[in-house]
Amino acid sequence: MDYKRKWYLPIFSVRNPNKPKKTRLVWDAAAVYKGFSLNGCLEKGPDLLRPLTNILYNFRIGKIGICADICEMFHRVSIDEEDQHAQRFLWRDCDDSRAPDVYVLKVMSFGASCSPSIAQYVRVKNAEESLQEFPRAAKSIIERHYVDDMLDSADSPQEAIQLARDVKEVHNRGNFHIRGWVSNCAKVVYALGETEPMNDFCKAGKTIDQVVEPEKVLGLWWQTSNDVFTFNTKFTKASNEILRAERLPTKGELLRLLMSIYDPQGFLSFYTICIRTLLQDIRRSGINWDDTIPEEFACRWKQWLSIFKHVCEVKIPRCYFGNFKNDDCKVELHVFVDASESASAAVAYFRILNDHGIHVALVSSKTKVAPLRPISIPRMELTAAVLGSRLANAIVQGHDFEIHDTHFYTDSKTILTWLRSDPRKYKQFVMFRVAEIQENRDISKWHFVTTKQNAADAATKWKNTNEFAPPNAWFTGPDFLRLPQERWPKYESVTCKINSAKEEENLWLQCAVQFNVKPIIDVNKFSKWEHLERCVAYVRRFIENCRSKRRLQVNPSSKPANLTGDELLWSRRFLYRLAQADAYHHDIINLKKDPRCTLPKSSSLRKLSPFLDDDEIVRMRSRLERAPIEDSAKKPSHFAKNN
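Notes on the structure follow.

Analysis parameters
- Residues numbered from 1 in each chain as written.
- Predicted model: local features only at pLDDT ≥ 70, side-chain atom pairs only at ≥ 80, totals over all residues.
- Heavy atoms only, no water.
- Helix = DSSP H or I, 4+ residues; strand = E, 2+ residues; numbered from the N terminus.
- Buried < 20%, exposed > 50% of the residue type's maximum accessible area, 1.4 Å probe, protein only.
- Contact = heavy atoms within 4.5 Å.
- Areas by Shrake-Rupley, 256 points an atom, 1.4 Å probe, with all protein chains shown as cover.
- Pairing = 2+ DSSP bridges.
- Expected span 1.5 Å × (residues − 1).
- Axes fitted to C-alpha atoms, helices over the stretch in contact; angles between N-to-C directions.
- Parallel < 35°, antiparallel > 145°, perpendicular 65-115°, else oblique.
- Left-handed = near helix turned anticlockwise from the far one by under 90°.
- Patch = residues over 30% accessible without salt bridge, like charges linked within 9 Å, V, L, I, M, F, W, Y side chains within 5 Å.
- Salt bridge = Lys/Arg side-chain N within 4 Å of Asp/Glu carboxyl O.
- Core = buried A, V, L, I, M, F, W, Y, C linked by side-chain atoms within 4.5 Å.
- Lys, Arg positive; Asp, Glu negative; His and termini not counted.
- Charge placed at Lys NZ, Arg CZ, Asp CG, Glu CD.
- Phe/Tyr/Trp six-rings, centres within 6.5 Å; stacked < 30°, edge-to-face > 60°.
- Lys NZ or Arg CZ within 6 Å of the ring centre and 35° of its normal.
- Disulfide = S-S within 2.5 Å.

**Here we look at the overall build of the protein**
- Helices and strands together make up the secondary structure of the protein, namely 20 helices and 18 strands.
- By the burial criterion, 44% of the 643 residues in the protein qualify as buried.
- A separation threshold of at least 6 residues defines the contact pool for the protein, and within that pool the share at least 24 residues apart is 69%.
- Of the accessible surface of the protein, which amounts to about 37,100 Å², a share of 52% is contributed by carbon and sulfur atoms.

See below:
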């Protein structure tokens, strides 16, 4: 059978450093032959991935966390027979003495650009077909899977076991095989048929390597025995001599170390923001990526590195609710924002209330280094406020449960003044950002706190004394969140008055703008007065014809009618006015205001007694008309025009 689409793919193998015993074959669809490649003829397709932060948010809801991954997900999707021959490859079974055999790949390959999108579509489509029969499992497959990895949570071991079994069943109907179950509950793992005994499992503290792609999981670990997130510094991409401070790193090594700390929810952003600002300052110095950082930055680098080994002490509870039941709780979102000359930060907490008390949980944070072009501290504070507003929107939209109330806190009264005023009276920088915050959130939910009570202050005013243990307010939230609302600190309301130079500099300037408009006809391009006069007359005739409601049907090939005397007279007077307006602009303005005014001494027309005629052309009075004013009774009652 003759197939229209035939293509041969080379093969190579790859290994994951975290899985040294596993080798993966890749069919290289990007290989180019005579200017073409298979990927060059394929569309990538839409991005059907769920946001990673949303999956992590909902992974922290239930008390029982479960995760697993689909085995060889791409190879579980079959390809039409006609398209299989576009994935031909040669294989000789490591025997170079014979000619290779020709094979076709009947399933999707890992090297094709369209494989991720198609695999996600098939997985979701298969789950939608079982939505009526297994609604909870279908929702987990559609909304709780990131590529081939499942992260979900349940309120009880029985619910988790049933959910896992239903997910297995739905995947089996689509020829997907899900395996490698991990949970913080040993009963769940044992019920799902994992081979490890329950006691050994609880002691092992299994790592969660299914959150994202293998190369992006180096920083985030899930200790199932304690049900906490933590970090492991053993897998950072830095040499031992750099970590032991035996030598200064290069610019590239510094960036490699920073990127190896994988922190998608910002648990360590108060710590990593310091190295990010240092990297920005190093960039300003202009050194290359392979150059050692200058000695002037050595002190800051060593201070940051001195507490790097304590990163592994971080323990963030996976479940938001702790010992509370999430069914009978009221959940409030509290966002703190702060900024300095070098960075802006926003950190969010859940304040969970029920009849048994109040529980506070760290949700997420965002930090941002200051732009290379310096801006004022109030504007940096406003940038932090926008960062907090967007973070709150992402948290509210990313969680399945209801968030009953949202509050924001800042230690800048300038920001509260801007938010409580009309943004249209400020410059564009302030106007657009204030309008965005006002559009998204109720301004009455913004409050003032002191710097000591602002949890985001730890990220903007970094100190080498910051702790990674729970006493650090960054992880636990301010103490007043654990008190009833009537016992929260109260401050005087901020009046909406612009009373400082820092605020005034952001107001719109009231100014007049003057600009010159080039004339339609450039008189300097004409050497004869007659040509200029006739050209202006023709242009005026064209304009009048365009304005006329009744258009004359004129043959384009016919010659235009001769100019009339009135048209030439109008053209001549127009050129007079144009020349006079260029030479005596201010004098004409004064004469229009008061025809009998006395021009200033600086005017060259003052002694000529100028006036404007009916066509607004400046003319000179006769000698008789220039007589002193006290003799005006002897003069005629009207002045003749000097035409």
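**Section: the sheet that holds strand β9 (residues 221-223)**
- Taken in spatial order, the 3 strands of this open sheet run β9-β10-β11, and their pairing is antiparallel. In the strand order of this sheet, the two ends are held by β9 and β11 (316-317), each with one partner.

**Here's the deal with helix α12 (residues 377-398)**
- The first and last C-alpha atoms of α12 sit 31 Å apart over 22 residues, in line with the 32 Å expected at 1.5 Å per residue.
- Summarising burial for α12: 17 of the 22 residues are buried, a large majority.

**Observations concerning unusual backbone geometry**
- With a phi angle near 50°, E72 is a residue other than glycine that sits in the positive phi range.
- Tracing the backbone through its elements, the reader meets E72 in the loop between β3 (64-70) and α2 (81-84).
- Phi at V147 takes a positive value of approximately 60°, unusual for a residue other than glycine.
- Inspection of the secondary structure puts V147 in the loop between β6 (145-146) and β7 (149-154).

**Topic: the packing of helix α3 (residues 115-129) against helix α4 (residues 135-143)**
- As a packed pair, α3 and α4 sit with axes 9 Å apart at the nearest point and diverge in direction by 165°. The orientation of α3 relative to α4 falls into the category roughly antiparallel. For the crossing formed where α3 meets α4, the hand is left-handed. Taken together, the residues of α4 that come into contact with α3 (itself represented by R123, V124, A127 and E128) are A138, I141 and I142.

**Here's the deal with a nonpolar patch on the surface**
- Side chains of Y8, L90 and V102 sit close together on the surface and give an oily, nonpolar patch of about 280 Å² of accessible area.
- Counting through the fold element by element, L90 comes out in strand β4 (residues 88-91).

**Describing the nonpolar core**
- Among the nonpolar cores identified, the biggest contains 61 residues, and Y271, W301, W304, F336 and F468 are the most heavily contacted of them.
- Going through the elements one at a time, α1 (52-59), α9 (251-259), α10 (269-285), α11 (298-306), β13 (343-354), β14 (357-369), α15 (457-460) and α16 (473-476) are the ones with two or more residues in this core.
- The dominant element in this core, judged by the number of residues it contributes, is α10, at 8 residues.
- Ignoring anything within four residues of it in the chain, the contact list for W301 reads I242, L248, P249, L254, L257, I275, L278 and I293.
- Counting 42 residues, the second largest nonpolar core, distinct from the first, contains A348, A370, I415 and L416.

**Observations concerning a negative patch on the surface**
- Residues D155, E159, D327, D328 and D355 make up a contiguous surface patch of negative charge.
- Looking at where D155 falls in the secondary structure, it is placed in the loop between β7 and α5 (157-173).
- Take D155: its relative accessible area is 37%, and that puts it in the partly exposed class.

**Thoughts on the sheet that holds strand β16 (residues 446-448)**
- On the basis of which strands lie adjacent, the open sheet formed by 5 strands has the order β14-β13-β12-β15-β16 and mixed pairing. For this open sheet the edge positions go to β14 and β16, each flanked by a neighbour on one side alone. Across the sheet, the mean angle from the axis of one strand to that of its neighbour is 25°, orientation sign disregarded.
- In the sheet, strand β12 (residues 330-339) pairs with β13 via 10 bridges, with the strands oriented antiparallel. By the bridge assignment for β13, K330 is matched with L353.
- α12 contacts β12, β13, β14, β15 (405-410) and β16 of the sheet and is inclined by roughly 40° relative to β13.

**Quick notes on the pattern of salt bridges**
- What the rule picks out here adds up to 30 salt bridges.
- A salt bridge links R144 to D152; the nearest nitrogen and oxygen atoms lie 3.8 Å apart.
- Accessibility expressed as a relative area gives 5% for R144, which makes it buried.
- With relative accessibility at 1%, the residue D152 sits in the buried group.
- Taking the shortest distance from any N to any O, the salt bridge between R247 and E241 comes out at 2.9 Å.
- Residue R247 is classed as partly exposed on the basis of its relative accessible area of 29%.
- By relative accessible area, which is 32% here, E241 ends up partly exposed.
- Through salt bridges with shared partners, a single ionic network connects R136, K139, E143, R144, D152 and D400.

**Structural notes on the packing of aromatic side chains**
- For the structure on display, the rule yields 24 aromatic pairs.
- Ring plane angle 50° and centroid distance 6.3 Å describe the contact between F59 and F229, whose orientation is recorded as tilted. You can see F59 sitting in helix α1 and its partner F229 sitting in strand β10 (residues 228-230), a full 170 residues away along the chain.
- For F229, a relative accessible area of 2% gives the class buried.
- Grouping aromatic residues by their ring pairs yields a cluster made of F336, Y349, Y409, F480 and W488.
- Above the plane of the ring of F59 lies R318, whose end atom (NZ or CZ) is 5.4 Å from the centre.
- Lying over the aromatic face of F448, K413 brings its terminal NZ or CZ to 5.3 Å of the ring centre.

**Description of the environment of Y262**
- Residue placement: Y262 occurs in the loop between α9 and α10.
- Once the C-alpha coordinates of Y262 and T236 are considered, the two residues, 26 residues apart in sequence, prove to be 9.4 Å apart.

**Concerning the state of the cysteines**
- Scanning the model with the defined rule gives 0 disulfides in all.
- Sulfur of C319: no disulfide; nearest cysteine sulfur belongs to C329 and is 9.8 Å away.
- Assessed through its relative accessible area of 9%, C319 is described here as buried.

**Let's talk about the environment of F297**
- Position of F297 relative to the elements: it lies in the loop between α10 and α11.
- Its relative accessible area of 7% is what places F297 among the buried residues.
- F297 sits 18 residues away from L279 along the chain, and the two C-alpha atoms are 9.6 Å apart.
- F297 has contacts with L278, D281, I282 and S285, leaving out every residue within four places of it along the chain.

**Concerning the environment of P100**
- Take P100: it is sitting in the loop between β4 and β5 (101-104).
- Placed 11 residues apart in sequence, P100 and F89 show a C-alpha to C-alpha distance of 9.4 Å.
- The contacts of P100, once residues within four sequence positions are left out, are L90, W91 and R92.

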